[in-house]
Amino acid sequence: MIPYFEILEFGKVKKRFRLALSDIDISTELMEIPTCSIDGCSELIPYLRGRKEIRIVTDNFIFYSNTQSIKYNTESGTLNIDLSHVVSEWKNRQVPTNYAFKGTTIQEIYKDENMIYSTDWEMQYGEEVEEETIDYVYSRQDKLSALTRTCELTKDLFWRVPFTKNKILQIGSFGEKKNYTVSTKQSGSNNIRILGEPTIDEDFSNVINLATVYANKSDSGMTSLSLREVYNDTSLQDSNFPVVILRNNINNERDYNYIDYPKLAPNNQLEYAVIDTESVAMESGLFIEGTYAFDDLNPFSLESENESEEQPTGSGNWSPQAFMDEYTGKQVDMDGVPPEQPYQCVDLWKKCLEVIGYPNPSRAIGGDGYAWNIWFNREYLGYGEYFDYPSTPQFGDWAVFNKAGETPDSHVAMFVSDNGNGTAQFFGQNQPNQYCTVTSISTANILGWLRVKSEFWQGTYNPESSNGVQNITDEDRIKCAKAVYEATIKKLINARRKFQITVPTEKLPSDLNVGDKIRFIFDMKSWHLEECSNYMRKLLTNDDWFYIVKMSRKVNKNGMETGELTLEKFLRIDREGKQDS
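Summary of the structure given here. Just so we're clear, the structure is a prediction, and the values are computed from it rather than from any experiment.

## Let's talk about the environment of Asn421
In this structure, Asn421 sits in the loop between strand S23 (411–418) and strand S24 (423–429). Judged by its relative accessible area of 1%, Asn421 is buried. Residues Asn421 and Asp296 lie 125 residues apart in sequence; the distance between their C-alpha atoms is 9.1 Å.

## Observations concerning a negative patch on the surface
Negative charge collects at one region of the surface, where Glu127, Glu128, Glu130, Glu131 and Asp156 lie side by side. Its location among the elements puts Glu128 in the loop between strand S9 (122–125) and strand S10 (133–138).

## Comments concerning the sheet that holds strand S22 (residues 398–401)
Taken in spatial order, the 6 strands line up as S21-S26-S22-S23-S24-S25 in an open sheet, and their pairing is antiparallel. Each end of this open sheet is capped by a strand with a single partner; those strands are strand S21 (387–388) and strand S25 (436–442). Pairing of S22 with S23 involves 4 bridges; the strand directions are antiparallel. Its bridge partner being in S23, Trp398 is matched across the sheet by Met414.

## Description of the layout of surface pockets
For the second largest pocket, the calculated volume is near 580 Å³. Residue lining of the second largest pocket: 28 residues in total, with Gln344, Cys345, Val346, Tyr370 and Asn430 positioned closest to the centre. Elements supplying a minimum of two residues to the lining of the second largest pocket: helix H7 (345–356) and S25. Residue composition of the lining of the second largest pocket, by class: 11 nonpolar, 10 polar and 7 charged.

Thresholds, definitions, all that
- Residues numbered from 1 in each chain as written.
- Predicted model: local features only at pLDDT ≥ 70, side-chain atom pairs only at ≥ 80, totals over all residues.
- Heavy atoms only, no water.
- Helix = DSSP H or I, 4+ residues; strand = E, 2+ residues; numbered from the N terminus.
- Buried < 20%, exposed > 50% of the residue type's maximum accessible area, 1.4 Å probe, protein only.
- Patch = residues over 30% accessible without salt bridge, like charges linked within 9 Å, V, L, I, M, F, W, Y side chains within 5 Å.
- Areas by Shrake-Rupley, 256 points an atom, 1.4 Å probe, with all protein chains shown as cover.
- Salt bridge = Lys/Arg side-chain N within 4 Å of Asp/Glu carboxyl O.
- Lys, Arg positive; Asp, Glu negative; His and termini not counted.
- Charge placed at Lys NZ, Arg CZ, Asp CG, Glu CD.
- Pairing = 2+ DSSP bridges.
- 1 Å grid on protein atoms, 1.4 Å probe; cavity = no way out; pocket = protein on both sides within 12 Å on 5 of 7 lines; lining within 4 Å.
- Points joined across faces, edges and corners; volume = space filled by probe spheres on them.
- Nonpolar A, V, L, I, M, F, W, Y, C, P; charged D, E, K, R; others polar.

Have a look at this one:
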């Protein structure tokens, strides 16, 4: 049949035209928006004002799309219309700021109106999707980018669109074996005939098979996303992607006398890496190192659901939130020292002492006068009557920093929240502004924590979470490490040596899509496979099944349809394998 197209408004067909001026060539890949360009006559202009939905209809598939641009040729009286699959409308809406999910299935996430574009979309899931849960904080990204990120957080899930008249989005690991063979044999119900000589694209310029991961938000970056938990628990590992210790004594620019706080970040000076054993075999045993950054994959807490429960009551004046509200942006001087620069971090600490009723809060803290003496002289100064010394912080606790790293002269500041990547938010003065601000500081060099005793608090006091936020648990950190591990596996698969076979074919079956597996039968000996590694040669000749990683459907003006398939032994996306520069 001659293709035609429908112009829709609000889901209703407004006008239907025959396509007779151009061929159609529609290509699709996993997690990509399919596009095409068509020509039309000038009589279409009145129906194409503004952004429209257009369905191109053939006897074998339907391309449901949005107009992106229209070029007018006044001399010939023709139009050129650029189209993107209707899934592109997901880019027109954004996810709210800091929109978090913990332990939530993908199906539940995409029941949320803030995540799905609209209820017009039918979401279809493979059985394997039921087992996946997501811990992630989305923030002001368009909804299609958020969907892509959701899939990237898993080891083997992707999204794709089928070519139907409806708005359908599929999520799965795919790889379904379809009962089709691509070969030079004559056409048949299950045979797709090859129309020309296949071409091969072999690329090993971006191979990585030994990957370290890091966050670049602080000097503790290389350890703040440590895979230690996965390394210690082999049940969390895929045997094809073992976690190994790559190096010891990393981050040696740091001062060596900082305290190790694994609950904040695993600062154990070990660098862990993930090995892709399949890729190592493909490269004849050669290890090729690379790095991946996951700044957005960190353990986090949600607001507590138990804030209304009965809590101990204090009779004092201390309220961390009121303290921040009172002094944010202000300069605090409690002792006039030093005269040339009196607004120091210790002054804000002494203001806290004044609020809770500590006698003579402006007294000297001893030693060389720097903030670290607060910790070393805490008993001499009588702080034990006013403070507890917890091992894990909560909102309102005071941290005393050593003379090292980001705090070469030591420091004292009030803990606000954990960033989860080896840094935390602290309210303090002289950090570095000469007034009170909230600043992100590495937790690597903290000597200890001081928590105002409950009796000095104002009103209700929640010893677990006085700012309404649950503490990050060890289980949270293990889940985070597992998420980083699985995201690294996906990147390693995408970074493998590429050996793609592209074949021109006759018309492709309507139920075939990227991500499916089909049999490809061809004389492989003519491809000089002896130049490949032994393992690569074995991989290519072991069986006839290949993944479809890219496909094109082509229709000429007369309605004759052909296709093109790009086949590979692994299901992957080239752009996702690149390392971070």
